[in-house]
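Residue strings, one per chain:
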Amino acid sequence: MSTLELREIRKSYGTLETLKGINLNLESGEFLVLLGASGCGKSTLLSMISGLSDPTSGDITLNERRLNGVHPKDRDIAMVFQSYALYPNLSVARNIGFGLEMRGIDRSTREKAVLEAAKVLQVDHLLDRKPGDLSGGQRQRVAIGRALVRKPKLFLFDEPLSNLDAKLRLEMRSELKRLHQMLGVTVVYVTHDQIEAMTLASRIAVMRGGCIEQLGTPEEIYNRPASRFVAEFMGSPPINILATQQTERGLEIASGAAVLKDLRPTDPVVVGIRPEALKTQAFDGAITLSGTVDLVELTGPEQIVSVALNDTRVTATLPADLPLALGQDIDLFVEPNRILTFDANSGDRVECLPH
Amino acid sequence: MFSERMSPRALLLMLPLVLVMIAVIGWPLVDTIRLSMTDARLAGTSGEFIGADNYTKTVSSRNFQSAFWATMRFSVWSVSIELVLGVLVALLLNQRFYGRTLLRALMILPWALPTVVNATLWRLIYNPEYGALNALLTQIGMLDAYRSWLGEPSSAMTALIVADVWKNFPLVALIALAALQAVPKDIRAAAISDGANAWKRFRYVIMPYLIGPLMVALVLRTIEAFKVFDLIWIMTRGGPANSTRSLSILVYQEAFAFQRVGSGASLALIITLIITVLAVAYLMIMRRFAGEAR
Ligand SMILES: Nc1ncnc2c1ncn2[C@@H]1O[C@H](COP(=O)(O)OP(=O)(O)OP(=O)(O)O)[C@@H](O)[C@H]1O
Ligand SMILES: [Mg+2]
């Protein structure tokens, strides 16, 4: 059953088109993450789903009900904001119950619902406090509680964790994942943190300049990116992009540091290799890249090694216990099917079948 | 008040300021207190000590009581109208519409005018022979014959209040507008999707951000209104039949027109006391709201 459906959503501010035709189908219980750089229109899309602004054109339907023109409060959608957006002079309990209070739900029902939501989010001991007396993490829990208590068909989150410090962000991320699994709710979640996207999403929509560049599971987005943009957006350290030359030997990478014999692209391409696809042990069928160690950064569990190849560099994530000295020669091996090829001009990923 | 970190050095550094304050505020105040206990006159005798006589006479005099109530009427009405009007105008100017920036700039104008100019302007408007108000009201048929707005006890005070509101509501509107712009967009959005109507949004979303700055405006305006002198002096001189005579005008008349400096001083000190009480009361309210709005 399809829950949320977006058809050809466009939004213009004056002459500037911010969203350029968004199409999306969301199944019930899905966790969709909208991922993209700042200014690509994520919040704009979210505010149109919530009804706080109207699309210039296009249809929004939720459970077969057309939502265009429906007041936000009648949409069965709850939103959680980056800034928490709690009412500063109301107690936590009233903050959580505010939506019910405004809908005229009677006091005892309301109190029961508030307590229930507060327990799920472990803020039931804070109900009498004011938002100003809470920590950032607690405030975000209250904000989520305010959404939860309304039992909406759809949850919208706009970068809910980006105001939290690193440790708390990690904690709340797992908490959100747990909540989603426990309650089975449908979520649209905006972030520009790719780790958040990878860990939380059942599907990711990578947005760029008002369009969805690719929609897929985290695994698809990471391993089979539709374009160089998506490939570069995902992964840390970022994917290595290397220029190529077509010669009679095959496709040369990095001024001849390696040759891909089987690849015969028709148009100019660049190749992308994820840092973790580069190994130091030879294996059958491996492509070899020979260079010298340029820079070593130990992160703890692994070391990020920059290797100079002729006139360029690649980054490899290698085991931390591998002894490496600056300037030493090193051979890196990569499986051919882990080399992605992108059209040098359009950036689209191309399959370069051998002739 | 003094924190435990107030070191002798800090006190020493503040000494010059303290000395200046004593010279320009402390000494005149002490001298006024001394004067208020004498029967000194503007010209001639420096006065004999007569104790609290001036005070008892002043407080029980009909002049003082009528001036006190005139001042109260003026302050309460003008400040309340200014607050309500200021907030309404601020809410309006906080909406998005064409020409908003121009209107915001224009709104400041009355407040930027010197009181003297404003008072003269309104005296012209109220002029019984060629004033704009008479012309307007007769032309739209609301008035049969020209009236002397400032010359009749029934309308003089109202006319003054209107003039004061016109000049001072922009200040309140400006303060309220600044406060409105501090209301986070997300909280407004959250309240809308929570289903709060316009009144509930004002009450729960906007009010918490408005109340502190509004309190400041209230304190400022009340104290100003209570001291009102120039506006009334130019428009009515306290008349007709002393119906618009404020406390400040009474002090002036007592000390300079009737040359009774001693009793004028006692009157001035009574006003100072009333204003101090007002200021302290407001400070306490403000402190409470500051604690709440956090
Ligand atoms: N009310 C508005 N008027 C004019 N332009 C707007 C308005 N709201 C958003 N925009 C523009 O639309 C574009 C997309 O904004 P949006 O807030 O959706 O980006 P975003 O993807 O959420 O970015 P971020 O990650 O920084 O939150 C931006 O270029 C922004 O300037
Ligand atoms: Mg945003």
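Residues numbered from 1 in each chain as written. Chains lettered and ligands numbered in written order. Predicted model: local features only at pLDDT ≥ 70, side-chain atom pairs only at ≥ 80, totals over all residues. Heavy atoms only, no water.

As named in an unreviewed UniProt entry, chain B is Carbohydrate ABC transporter membrane protein 1 (CUT1 family), taken from Tritonibacter scottomollicae. In its Sequence similarities (unreviewed entry) section, the UniProt record describing chain B reads: "Belongs to the binding-protein-dependent transport system permease family." (UniProt positions renumbered as here; feature names shortened; annotations may be inferred.)

Named according to an unreviewed UniProt entry, chain A is Carbohydrate ABC transporter ATP-binding protein (CUT1 family) originating from Tritonibacter scottomollicae. Turning to chain A, the UniProt record has this under Sequence similarities (unreviewed entry): "Belongs to the ABC transporter superfamily."

**Student:** Please clarify how the sheet that holds strand E7 (residues 154–158) of chain A should be interpreted in this entry.
**Tutor:** All names here are of chain A. As summarised here, the arrangement of the 6 strands in space is E6-E7-E8-E3-E9-E10, forming an open sheet in which the pairing is mixed. One side of each edge strand has no neighbouring strand; the edge strands of this open sheet are strand E6 (77–80) and strand E10 (211–216). The mean angle between the axes of side-by-side strands here comes to 20°, regardless of whether they run parallel or antiparallel. Sitting on the sheet, helix H1 (residues 42–50) is in contact with strand E3 (31–36), E6, E7, strand E8 (187–191) and strand E9 (203–208), with an inclination near 150° to E7. (Pairing = 2+ DSSP bridges. Helix = DSSP H or I, 4+ residues; strand = E, 2+ residues; numbered from the N terminus. Axes fitted to C-alpha atoms, helices over the stretch in contact; angles between N-to-C directions. Contact = heavy atoms within 4.5 Å.)

**Student:** Is there a simple way to explain the interface of chain A and chain B in this structure?
**Tutor:** You'll often see interface size given as the accessible area lost when the parts meet. At the interface, 23 residues of chain A touch 18 residues of chain B. Together chain A and chain B conceal approximately 1,800 Å² of surface at their shared face, both sides included; 60% is due to carbon and sulfur atoms. Seen at the junction of chain A and chain B, the total is 1 salt bridge. Close ionic contact of Asp194(B) with Arg150(A) constitutes a salt bridge, the shortest N to O distance being 3.3 Å. Along the contact surface separating chain A from chain B lie 7 residue pairs in polar contact (both at pLDDT 80 or more). When residues in the side of chain A that touches chain B are grouped by element, the largest group, 5 residues, is from helix H2 (residues 92–102) of chain A. Counted by class, the side of chain A that touches chain B contains 10 nonpolar, 5 polar and 8 charged residues. (Buried area = accessible area lost by both parts, 1.4 Å probe. Salt bridge = Lys/Arg side-chain N within 4 Å of Asp/Glu carboxyl O. Polar contact = N/O pair within 3.5 Å; in protein donor to acceptor, adjacent residues only side chain to side chain. Nonpolar A, V, L, I, M, F, W, Y, C, P; charged D, E, K, R; others polar.)

**Student:** Please explain the packing of aromatic side chains as it appears in this structure.
**Tutor:** Remark: the centre distance and the inter-plane angle together describe each pair of aromatic rings, the angle taken between the planes. Summed over all chains, the structure comprises 15 aromatic pairs over all chains. Ring geometry for Phe64(B) and Phe68(B): centres 6.2 Å apart, planes at 25°, overall stacked. Of this pair, Phe64(B) and Phe68(B) both sit in helix H3 (residues 62–93), 4 residues apart, which is roughly one turn of the helix. For the residue pair Phe64(B) and Phe68(B), the accessibility class agrees, reading buried in each case. With a centroid separation of 5.9 Å and an interplanar angle of 70°, the aromatic rings of Trp122(B) and Trp166(B) are classed as edge-to-face. Here Trp122(B), found in helix H5 (residues 115–126), pairs with Trp166(B), found in helix H7 (residues 153–181); they are 44 residues apart in sequence, far enough to count as distant. Given a relative accessible area of 32%, Trp166(B) falls into the partly exposed group. Taken together, the ring pairs in this structure connect Phe31(A), Phe155(A), Phe157(A) and Tyr189(A) into an aromatic cluster. The positively charged end of Arg146(A) is found above the aromatic ring belonging to Tyr87(A), 4.9 Å away from the centroid. (Phe/Tyr/Trp six-rings, centres within 6.5 Å; stacked < 30°, edge-to-face > 60°. Buried < 20%, exposed > 50% of the residue type's maximum accessible area, 1.4 Å probe, protein only. Lys NZ or Arg CZ within 6 Å of the ring centre and 35° of its normal.)

**Student:** Just to check I follow, could you spell out the environment of Val30(B) for this structure?
**Tutor:** Residue and element names in this part refer to chain B. Here Val30 shows up in helix H1 (residues 8–36). Using a relative accessible area of 47% as the deciding quantity, one classes Val30 as partly exposed. For the pair Val30 and Leu143, spaced 113 residues apart in sequence, the C-alpha separation works out to 53 Å.

**Student:** Is there a simple way to think about the site of ligand 1 in this case?
**Tutor:** Residues and elements named next belong to chain A. As a structural note, the neighbourhood of ligand 1 is formed by Tyr13, Thr18, Ala37, Ser38, Gly39, Cys40, Gly41, Lys42, Ser43, Thr44, Glu159 and His192. Between an oxygen atom of ligand 1 and a side-chain N or O atom of Lys42, the distance comes to 2.8 Å. Relative to its unbound accessible surface of 640 Å², ligand 1 loses 58% to contact with the protein. Per element, the largest residue contribution to the shell around ligand 1 is 3 residues, and it comes from H1. Class assignment for the residues of the shell around ligand 1 results in 3 nonpolar, 7 polar and 2 charged. (Near = heavy atom within 4 Å. Areas by Shrake-Rupley, 256 points an atom, 1.4 Å probe, with all protein chains shown as cover.)

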